[in-house]
Each structure stands twice: as structure tokens, then as C-alpha cells.
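Tertiary structure, described
Chain residues, written in single-letter form:
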Amino acid sequence: QVQLVESGGGLVQAGDSLRLSCAASGRTFSTYAVGWFRQAPGKERDFVAVISRGDGSTLHADSVKGRFTISRDNAKNTVYLQMNSLKPEDTAVYYCAASTAHLPTIRTLYNYWGQGTQVTVSS
């Protein structure tokens, strides 16, 4: 079993940067792909980015490509989401999740979820 805890959210202005962290418990963390999703009020939980368990391959949603970067440090059992050039439409609760699939972009392929961290971007 894997437990995930997100941190690093906050209130920033448009154009600012934030780095979210997803800290995991469990010695098998490196065997999971880890993704980030976000959910704005009244909307679905959408895929943001995912990093593979093996070679560090990544996928990013088109809406964040070029601005957000996912990375992982298996020695620290942590996955990061570096968010640059933030926009008001990035405002949402951000969740990290772990999956046994390779590079899943579908929410239902994830086995474990964190509790989320709020990111608010003012204009």
C-alpha cells in the first residue's frame, strides 16, 4: 500500500511559480507511476502530468505543456510538479496519485490518491 501527501500549494499571482511535492510512504514507491490531476470547483478531475516508474518518461497535458514539469526523486520517495507562468485558469485542488500502469492519463487507472493541495492564482 502507498500513502501520498501533497504539499506546496498556495495563493500566487498570475505569472508566478509554485512547486508541488507528493511525498509517499512505502518501500515500493519506485515501482509506481505517479500522476498529478487537478479539480476546479464544479468541474471534473483532469489529468495534468504523469511520470513513469522506470525510465522517467513523462507526459503532460496540452494545457500545461511548456509551463509545468513533473519529476521524481525515488531516493526521497517524492514526486514534484514545477509550475511556471501560472494562470488564473490553473486554479484548482491538485492531487497526486500512484498507478501500476505505465503512463496512465485516465483517473480510473490510479490505485492510490493523496488528499489534495489548493492552488489559487489571482489575476
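Note: the structure precedes this text.
Residues numbered from 1 in each chain as written. Predicted model: local features only at pLDDT ≥ 70, side-chain atom pairs only at ≥ 80, totals over all residues. Heavy atoms only, no water.

1. Observations concerning the overall build of the chain
Each helix and strand counted, the chain has zero helices and 11 strands in total. Written out in order from the N terminus, the α and β elements of the chain read β-β-β-β-β-β-β-β-β-β-β. Scaling as 2.2 N^0.38, a compact globule of 123 residues should have a C-alpha radius of gyration of about 14 Å, and the chain matches this with 13 Å. Looking at the 123 residues of the chain, the share that counts as buried comes to 42%. Considering only intrachain contacts with a sequence separation of at least 6, the fraction spanning at least 24 residues in the chain is 58%. (Helix = DSSP H or I, 4+ residues; strand = E, 2+ residues; numbered from the N terminus. Rg over C-alpha atoms; globule rule 2.2 N^0.38 Å. Buried < 20%, exposed > 50% of the residue type's maximum accessible area, 1.4 Å probe, protein only. Contact = heavy atoms within 4.5 Å.)

2. Quick look at the state of the cysteines
Under the counting rule described, the total for this entry stands at one disulfide. Linked covalently through their sulfurs, C22 and C96 form a disulfide whose S-S length is 2.1 Å. Here the S-S torsion is close to 65°, and the disulfide linking C22 with C96 is therefore right-handed. One end of the pair, C22, is in strand β3 (residues 18–24); the other, C96, is in strand β9 (residues 92–99), with 74 residues separating them in the sequence. (Disulfide = S-S within 2.5 Å.)

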